[in-house]
Amino acid sequence: MSDEQNERIYLSPPDIGDQERRFVAEAFDTNWIAPLGPHVDAFEREFCDYTGAPYAAALSSGTAALHLALRLSDVGPGDEVIVSSLTFVASAAPVVQLGATPIFIDSERRSWNLDPALLEEFLVRRADEGRLPKALVAVHLYGQCADIDPIAELCRRFDIVLIEDAAEALGATYKARSPGTIGRFGIFSFNGNKIITTSGGGMLVSNEEEAIERARKLATQARDPAPHYEHSELGYNYRLSNVLAGIGRGQLADLDEKVRATRHNFEVYQEALGDLPGVEFMPQAPWGRHTRWLTCLTIDPEAAGVDREGVRTLMVERNIEARPVWKPMHLQPVFADAQMIGGDVAEDLFARGLCLPSGSSLTGAQRQRVIDTFRQAFGA
Ligand SMILES: *Cc1c(COP(=O)(O)O)cnc(C)c1O
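Because the structure is a prediction, the values reported are computed rather than measured.

Is there a simple way to explain the overall build of the chain in this structure?
Counting its secondary structure elements, the chain contains 14 helices and 12 strands. With 380 residues in all, the chain has 56% of them scored as buried. Pairs at least 24 apart in sequence give 71% of the contacts found in the chain among residues at least 6 apart. Distance from the positive charge centre (37 side chains) to the negative charge centre (54 side chains) of the chain: 1 Å.

In structure tokens form, the structure reads like this:
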């Protein structure tokens, strides 16, 4: 087998260009290798320009951004926070780390994201009991927005802080707006496998200037203004470095290009695999643009004659990284005791869902190898 036929195909590898190299070289040339510096400020400004968020703080990870958003929402011991169940663990971990209790909620079929009807039912019941949760972490999964308008409306009605976990949805739209800009806080991730990456990094956005200023302070060990080191509260070491912000600026400038590439991956996959029995692609909901950060689909084993694991293991044998859809949080051993609202949809998507290699640098030949392997698993 030639190298090309055998080389590993990753799910969503970094896709780095020349601008990133120039910005990083600039950080070296000017000796700005510290956290903070001109790239950090510029990255925050450019991120606001792109998303339309009024204020942003560049941080060391998306998880750090969510931790700060929850802390700025005064979430602590005794509080409950609703979290989408179908997500990555980082959406829920900071809730527990702040001493609060997560309550998980199911997805709806048309977006694979938080079901607003279930949310309403639950909040009406809890309002009757006089026991409302403090905050909601609504996740925008795989490049697509949740139906965030009715969710935001419910949060207003019941006085719950809305935090949008847009870690996977940078570049998506909801009625022409960016995810992350509708709730009180939005968080984004620039981890290595996200649509843009700084190797590791995150962003917290808000329309409250004061909250973002406070986030910046908490992210730099909560230092009070004084010539010596003065602290009247405790913070974290959560700022993004100036070197990594340089990578982020270059990546952000190419974001639309990357979204075009990931959407193209999806279109090719859909065209090549859509005829197979029992295969259904993650739908694009009517309210906006799905970036297809990952191309995801479900396989109905009865119609297909093969199940998700059958397809995935053949991919693994062929050195192709394909992954099951997120295992829902309410099925995770660490959250065995947590309350769950609904659950059938997330459980079904996990049982039958598969994510295909979807990087913005995926070549036509690599895509064809994925397609051939997939069809072979179907005996087609
Ligand atoms: C990646 C991710 C995060 C965490 O971001 P990091 O930058 O890796 O800390 C949070 N939520 C979701 C849904 C993610 O996919």
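Right, picking up where we left off after that structure.
Would you take a moment to explain the state of the cysteines for this structure?
In protein chemistry, a disulfide is the covalent bond that joins the sulfur atoms of two cysteines. In this structure the tally under the stated criterion is 0 disulfides. Sulfur of Cys155: no disulfide; nearest cysteine sulfur belongs to Cys145 and is 15 Å away. Overall, the relative accessible area of 4% leaves Cys155 in the buried class.

So what exactly am I meant to see when it comes to the domain arrangement of the chain here?
How big an interface is tends to be stated in terms of accessible area lost as the parts join. Structurally, the chain comprises domain 1 (3-12 + 255-377) and domain 2 (18-253). A separation of 25 Å is found between the C-alpha centroids of domain 1 and domain 2. The interface of domain 1 with domain 2 comprises 41 residues on the first partner and 44 residues on the second. Of the roughly 3,900 Å² buried between domain 1 and domain 2 on both sides combined, carbon and sulfur atoms contribute 65%. Its largest share of buried area at the contact with domain 2, domain 1 owes to Leu255, Trp287 and Ile341, together 24% of the area lost on that side. Here domain 1 is connected to domain 2 by 1 salt bridge. The residue Asp348 makes a salt bridge to Arg109 at a minimum N-O spacing of 2.8 Å. Contributing elements (two or more residues each) for the side of domain 1 that touches domain 2: α10 (255-273), β9 (295-299), β11 (339-341) and α13 (344-352).

Sorry, what's going on with the packing of α10 against helix α14 (residues 364-377) here?
Helix-helix packing is characterised by the crossing angle of the two axes and by the distance between the axes. The N-to-C vectors of α10 and α14 enclose an angle of 30°; their axes lie 11 Å apart at closest approach. Classified by the interaxial angle, the pair formed by α10 and α14 is roughly parallel. Along this stretch, α10 crosses α14, giving a crossing that reads as right-handed. Residues His264, Asn265, Val268, Tyr269, Ala272 and Leu273 of α10 form the contact with α14, whose participating residues are Arg367, Val370, Ile371, Phe374 and Arg375. Of the residues in the contact of α10 with α14, the class split is 7 nonpolar, 2 polar and 2 charged.

In this structure, what is going on with the sheet that holds strand β8 (residues 279-281)? I would like to understand it.
Sheets are built from strands that pair by backbone hydrogen bonding, the pairs being arranged parallel or antiparallel. Taken together, the 4 strands give an open sheet; going across it, the order is β8-β9-β12-β10, and neighbouring strands pair in antiparallel fashion. In this open sheet, the two strands that pair with only one neighbour each are β8 and β10 (323-324). Summarising the sheet, β9 and strand β12 (residues 353-356) pair through 4 bridges and their orientation is antiparallel. Across the sheet, the residue bridging to Leu297 is Leu354, located in β12.

Just to check I follow, could you spell out the site of the ligand for this structure?
The local shell around the ligand holds 15 residues, among which Thr63, Asp165, Glu168, Ser189 and Lys194 are the closest. Contact distances for the ligand include 2.5 Å between an oxygen atom and a side-chain N or O atom of Thr63. Between an oxygen atom of the ligand and a side-chain N or O atom of Asn191, the distance comes to 2.8 Å. Within the complex, 95% of the 380 Å² of free accessible area of the ligand lies under protein. Here the residues of the shell around the ligand are counted per class, giving 4 nonpolar, 8 polar and 3 charged.

It is not clear to me how the pattern of salt bridges should be interpreted in this structure. Could you clarify?
Opposite charge on two side chains permits pairing when their charged atoms draw close. Under the criterion given, the structure shown has 28 salt bridges. Arg239 is the partner of Glu44 in a salt bridge, and the nearest nitrogen-oxygen pair spans 2.7 Å. Placement of Glu44 in helix α3 (residues 38-51) and of Arg239 in the loop between α8 (209-218) and α9 (242-253) is noted, with a sequence separation of 195 residues between them. We classify Glu44 as buried; its relative accessible area is 6%. Glu108 is the partner of Arg110 in a salt bridge, and the nearest nitrogen-oxygen pair spans 3.0 Å. Note on Glu108: relative accessible area 9%, which makes it buried. A single network of salt bridges, built from pairs that share partners, joins Arg71, Arg214, Lys217, Asp224 and Glu233.

Just to check I follow, could you spell out the sheet that holds strand β7 (residues 202-206) for this structure?
Taken in spatial order, the 8 strands of this open sheet run β1-β7-β6-β5-β4-β2-β3-β11, and their pairing is mixed. In this open sheet, the two strands that pair with only one neighbour each are β1 (55-59) and β11. Averaged over all pairs of adjacent strands, the angle between strand axes in this sheet comes to 20°, irrespective of strand direction. Bridge count for strand β5 (residues 161-165) against strand β6 (residues 185-189) is 3 bridges, and the pairing is parallel. Of the residues in β6, the one forming a bridge with Ile163 is Phe185. Against the sheet, helix α4 (residues 62-72) engages β1, β2 (80-84), β4 (135-139), β5, β6 and β7, with an angle of about 165° to β6.

How do you make sense of the side chain of Thr291 when you look at a structure like this?
Structurally, Thr291 is set in the loop between β8 and β9. Take Thr291: its relative accessible area is 0%, and that puts it in the buried class.

Definitions and cut-offs
- Residues numbered from 1 in each chain as written.
- Predicted model: local features only at pLDDT ≥ 70, side-chain atom pairs only at ≥ 80, totals over all residues.
- Heavy atoms only, no water.
- Helix = DSSP H or I, 4+ residues; strand = E, 2+ residues; numbered from the N terminus.
- Buried < 20%, exposed > 50% of the residue type's maximum accessible area, 1.4 Å probe, protein only.
- Contact = heavy atoms within 4.5 Å.
- Lys, Arg positive; Asp, Glu negative; His and termini not counted.
- Charge placed at Lys NZ, Arg CZ, Asp CG, Glu CD.
- Disulfide = S-S within 2.5 Å.
- Domains from an automatic or database assignment.
- Buried area = accessible area lost by both parts, 1.4 Å probe.
- Salt bridge = Lys/Arg side-chain N within 4 Å of Asp/Glu carboxyl O.
- Axes fitted to C-alpha atoms, helices over the stretch in contact; angles between N-to-C directions.
- Parallel < 35°, antiparallel > 145°, perpendicular 65-115°, else oblique.
- Left-handed = near helix turned anticlockwise from the far one by under 90°.
- Nonpolar A, V, L, I, M, F, W, Y, C, P; charged D, E, K, R; others polar.
- Pairing = 2+ DSSP bridges.
- Near = heavy atom within 4 Å.
- Polar contact = N/O pair within 3.5 Å; in protein donor to acceptor, adjacent residues only side chain to side chain.
- Areas by Shrake-Rupley, 256 points an atom, 1.4 Å probe, with all protein chains shown as cover.

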